[in-house]
Each structure stands twice: as C-alpha cells, then as structure tokens.
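# Geometric and topological summary
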Amino acid sequence: MESSSDSAPAGGAPLAGVRVADLSRVLAGPYCTMVLADLGADVVKVERPEGGDETRSWGPPFAGGEAAYYLSVNRNKRSCALDLSHEDGRALALELCARADIVIENFKVGGADRLGVGYDHVRERNPRVVYCSITGFGSVRTPPGRPGYDFVAQAETGLMSITGPEEGPPYKAGVALVDVLTGLHAAAAVLGALHGGEGARIEVPLLDSGLAGLVNVAQNALVTGTEPERHGNAHPNIVPYQDFETSSGRIAVAAANDGLFHAMCAAMGLDELATDERYATNADRVEHRAELVPALQDRFRERSAEDWLSDLGAAGVPAGKVRSVPDALAAAAAAGRPATHTVDHPTAGPLELVASPIWGATRRSPTPPPLLGEHTAEVLAELGRSEAEIADLRERGVVGG
C-alpha cells in the first residue's frame, strides 16, 4: 500500500499552475480531469448544490457516505457547488471558466450554450482557452443532441458485437471502457492544444472513441468487408492468444509470434506441434485454430497454473493468471509495486484508492475526492468574493457547501 508521501508534490508536477474548470459529470469527463489533476492541474469540479455529480449516489457500496463509483474518478480535485439554473450561478461559472486554461464539459449538445458557459461565451472573455466538449454521438450527427452513455456507445460502436462467447448474445465490457477511452482521448487532446498555446475548441464523442478503440477488429472488417466473429477470450488474428484451463485455475497465454510459439511448445513438451507444418506460421495457426487449441488445452489441464506460469516464464512466453479484482490488486503489491494509495478522507477516514498508472516525478501527491461543495468558499474567494458575499449567495441557494 502506497502512502501519499511516495508521490511528487503538485508544485513539481508538469501541469502545476494550470487551472481546469470541470463542468462534467459521471465518468468520461471526470476521468479526463482526473488525469489532468494527477499531473498537477488545479481542477475545480462544478456540481449542483443538490446532489452534485450523480455518481455520488451510484451505490452501494459507499464509504463515508460517498459512492465507490464517485470515489474512483475524482481524486485530486476541488468541488465548487453552483446552481446553474440561477442567473448568479451561471455568472460565477462563466467567471470561473474565463479564468481557466482548460474547460471540460459534457452537457447534451447545446446545453452549455443555453447555460451561458458555451465555447463562444468563454472565448469572448478568454481567447486562449482550451475548451473540450465530450458528447455522445457528435454535434453534427443526426438526430442532434442525442444523449450518450457508455452502454449505449458499446452497443452502437459494435464493441458488444465482438465481445462474449462465440455462441449466445453479445456482451458489454465489464467496465465502462468507451467512457475511459473517451476520457483519455480528451486528456491527450487538451494537452496538445495547451502546448500549442493558441487556444482551441475540441470535441470528443463517445461514438468516435469507441470506434477508434476497435483498432484491428475494425480494420479487419474494412479489409474483408465481412462481419467480425466473436472469439470469446481468443484473438481473431493471433493463435494461441487466449486463456486455458489448468488443474488449478485459468491462465492467459500470449504466444504472439513464431518464436514464442516454439518456446511455448518446448516448455510444454510439445515439440511435435512446433514442427507440424499446419502450425508453421501464425497465419497457418489461425487457419488451423480448431485443431491446435484443443491439443494445447489437453496438455494445460495436466498441471497447475503455478507450474505452467513458472515454466512459461522461464521460457520467455508472456502468460498470466486469470485473477479476480481483489487478487489482482494484492498481486501487484506483492510483486513490489502497489497499484493503490491511501488518502485521509474527511468522512471515510483512511481510504484506499486505485492509483494513477503514471509513475515518477510527473505524478502529484494524491488528495481525497472532495465532498460536495467542500471548496466552494475557497474557490469563490479566489474569484474575489468576500465572506459576506459568499454567505449571501449560500443563503439564496446560488451556491452550496
């Protein structure tokens, strides 16, 4: 378990001094802004005073009254609760955006404009702003303003059609993968625009991110003009590249080239397969998948996962145990590099969070996901509002926290 002292302070991170106005909610936008926050940006998360980001209620499970879902994507941020249905709330949000280097929003298409915080409103006051809209299906597609959630995007992009067993219905990925991809694309895009220094308007739709995430499978379809088949945990273009049952659990084996296939056969005592002309090249193995895979499976069942992983590892063949999530987190720590860190949360106490995958001097010390409106007064003071003015705004329901 990593303590917060093991990471670099925000002042030493590459985005120290960069202000992000985060008008997004749920996953894709918050994931993007969390990446920016991990790199040192000051991310101000704008939320509704009543309820805030809806993921705060997406549970159980909860920790200290906060949903685990919300906790997963909101570390290293500050929360400012503003009622954008109120004229004064919209004015404060616009002022916050005008003073930001980056603005991220994921309202339905046209929603930010109607609230007075659209790109043109912000750019008029800050011509160098990098403004990123995360949309469901894109602002120029029909029907206009179509809302998007990850599950719908997985269906519409074809991702579900290629996921799951060969027989039976299609499956979604076990996490909101399109949202995560969209958040990463958005983070890369705004950092590129920030480096350019001239400001930019960016749009990153879930649909396009999901389609781009199909990579080789989409290209297979374009080249062949045919519908890609589902292969369960196997690979459409590489054999063997799948999981196998052993006497003590399942392992994933990735013999992704001819050399690795030969090394795998030697480690398994199956030299006759390595010299079989049907399996001489990867293309041959793909063609004869139905004969090769059962032969490998029969052999893998003869020994334990631990024995096979030891032998395959010694032979240089990429392989791993098919683990549960708790086992995977524990195994990362046992291997000498934890994948989590602990923060001191104001209501949950010591709280373990999955850490940023970015290691080294670029990663800031983690702070806990904020309570709703926890930093409202602090942010408004930075905008020049006095304590009396903040109290008045709070009394009138314009702000929360």
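Since the model is a prediction, treat every value here as computed from it, not as a measurement.

## Regarding the overall build of the protein
Regarding its fold elements, the protein presents 17 helices and 15 strands. Reported as C-alpha extents along the three principal axes, the dimensions of the protein are approximately 80 × 50 × 40 Å. Taken over 401 residues, the protein has a buried fraction of 45%. Here the analysis covers contacts within the protein between residues at least 6 apart in sequence; of these, 68% occur between residues at least 24 apart.

## Regarding the sheet that holds strand β12 (residues 319-321)
Spatially, β10-β11-β12 is the arrangement adopted by the three strands of the open sheet, whose pairing is antiparallel. In this open sheet, the two strands that pair with only one neighbour each are β10 (241-246) and β12. Ignoring strand direction, the axes of neighbouring strands in this sheet form an average angle of 25°. Relative to β12, strand β11 (residues 249-254) runs antiparallel, the two being bridged by three bridges. Across the sheet, the residue bridging to Val253 is Ala319, located in β12. Where helix α13 (residues 289-300) meets the sheet, it contacts β10 and β11, and its direction lies at approximately 40° from that of β10.

## Details of the layout of surface pockets
Approximately 1,100 Å³ is the volume found for the largest pocket. At the level of secondary structure, the elements contributing two or more residues to the lining of the largest pocket comprise α1 (28-38), α2 (68-71), α6 (150-156), α7 (177-196), α15 (325-334) and β14 (349-354). Residue classes in the lining of the largest pocket are distributed as 26 nonpolar, five polar and six charged. Looking at the second largest pocket, its volume works out to about 790 Å³. As for the second largest pocket, its lining consists of 29 residues, of which Ile162, Gly232, Ala234, His235 and Pro236 are closest to the centre. Elements with a contribution of two residues or more to the lining of the second largest pocket: α9 (215-224) and β10. The greatest single-element share of the lining of the second largest pocket, amounting to seven residues, is contributed by α9. Residue composition of the lining of the second largest pocket, grouped by class: 13 nonpolar, 13 polar and three charged.

## Points about the packing of helix α10 (residues 258-268) against α13
Contact geometry for α10 and α13: axes closest at 11 Å, N-to-C directions at 40°. Taken as a pair, α10 and α13 cross one another with a handedness that is left-handed. Between α10, through Phe261, Met264 and Met268, and α13, the contact on the second element is made entirely by Leu292, Leu296, Arg299 and Phe300. Each residue belonging to the contact of α10 with α13 can be placed in one class, and the counts come to six nonpolar, no polar and one charged.

## Some remarks on the pairing of strand β8 (residues 130-135)
When you tally the buried positions in β8, you get six out of six residues, the bulk of the element. Burial along β8 is two-sided: the face carrying Val130, Cys132 and Ile134 and the face carrying Tyr131, Ser133 and Thr135 are both buried. With four bridges joining them, strand β7 (residues 102-105) and β8 adopt parallel strand pairing. Within the sheet, the bridge partner assigned to Ile102 lies in β8 and is Val130.

## Considerations on the packing of aromatic side chains
Two numbers describe a pair of aromatic rings. These are the distance of the centres and the angle of the planes. Counted according to the given criterion, the structure contains four aromatic pairs. Residues Phe300 and Trp308 carry aromatic rings whose centres are separated by 5.2 Å and whose planes lie at 75° to one another, so their mutual orientation is edge-to-face. Ring pairs connect the aromatic residues Phe244, Phe300 and Trp308, which therefore count as one cluster. Looking at Arg146, its charged tip hangs above the ring of Phe137, at a distance of 4.0 Å from the centre. A cation sits over an aromatic face here: Arg337 above Trp359, 4.2 Å from the ring centre.

## A closer look at the environment of Arg303
By secondary structure assignment, the location of Arg303 is in the loop between α13 and α14 (305-314). Between the C-alpha atom of Arg303 and that of Val44, which follows or precedes it by 259 residues, the distance is 54 Å. Residue contacts for Arg303: discarding those within four places in its chain leaves Thr246, Ser247, Trp308 and Asp311. At 2.7 Å, the side chain of Arg303 and the side chain of Asp311 are in polar contact.

## Observations concerning a nonpolar patch on the surface
On the surface, Trp58, Tyr149 and Val152 cluster together into a nonpolar patch covering about 270 Å² of accessible area. Mapped onto the elements, Val152 comes out in helix α6.

## Digging into the nonpolar core
Membership of the largest hydrophobic core comes to 35 residues, with the highest contact counts inside it found for Val20, Leu36, Ile102, Ile104, Cys132, Val190 and Ile202. At the level of elements, α1, β7, β8, α7 and β9 (200-205) are the ones that each hand at least two residues to this core. Looking at which element gives the most residues to this core, the answer is α1, with seven residues. Discounting residues that sit within four places of it in the chain, Val20 has contacts with Thr33, Leu36, Ala41, Asp42, Val43, Val44, Ile102 and Ile104. Core analysis: the next-biggest nonpolar cluster, separate from the first, contains 28 residues, Leu94, Val122, Val129 and Leu393 among them.

## Concerning the side chain of Thr55
Looking at where Thr55 falls in the secondary structure, it is placed in the loop between β3 (42-47) and β4 (62-63). In this view, Thr55 contacts Val26, Ala67, Tyr69 and Tyr70; residues no more than four positions away in its chain are not counted.

Thresholds, definitions, all that
Residues numbered from 1 in each chain as written. Predicted model: local features only at pLDDT ≥ 70, side-chain atom pairs only at ≥ 80, totals over all residues. Heavy atoms only, no water. Helix = DSSP H or I, 4+ residues; strand = E, 2+ residues; numbered from the N terminus. Buried < 20%, exposed > 50% of the residue type's maximum accessible area, 1.4 Å probe, protein only. Contact = heavy atoms within 4.5 Å. Pairing = 2+ DSSP bridges. Axes fitted to C-alpha atoms, helices over the stretch in contact; angles between N-to-C directions. 1 Å grid on protein atoms, 1.4 Å probe; cavity = no way out; pocket = protein on both sides within 12 Å on 5 of 7 lines; lining within 4 Å. Points joined across faces, edges and corners; volume = space filled by probe spheres on them. Nonpolar A, V, L, I, M, F, W, Y, C, P; charged D, E, K, R; others polar. Left-handed = near helix turned anticlockwise from the far one by under 90°. Phe/Tyr/Trp six-rings, centres within 6.5 Å; stacked < 30°, edge-to-face > 60°. Lys NZ or Arg CZ within 6 Å of the ring centre and 35° of its normal. Polar contact = N/O pair within 3.5 Å; in protein donor to acceptor, adjacent residues only side chain to side chain. Patch = residues over 30% accessible without salt bridge, like charges linked within 9 Å, V, L, I, M, F, W, Y side chains within 5 Å. Areas by Shrake-Rupley, 256 points an atom, 1.4 Å probe, with all protein chains shown as cover. Salt bridge = Lys/Arg side-chain N within 4 Å of Asp/Glu carboxyl O. Core = buried A, V, L, I, M, F, W, Y, C linked by side-chain atoms within 4.5 Å.

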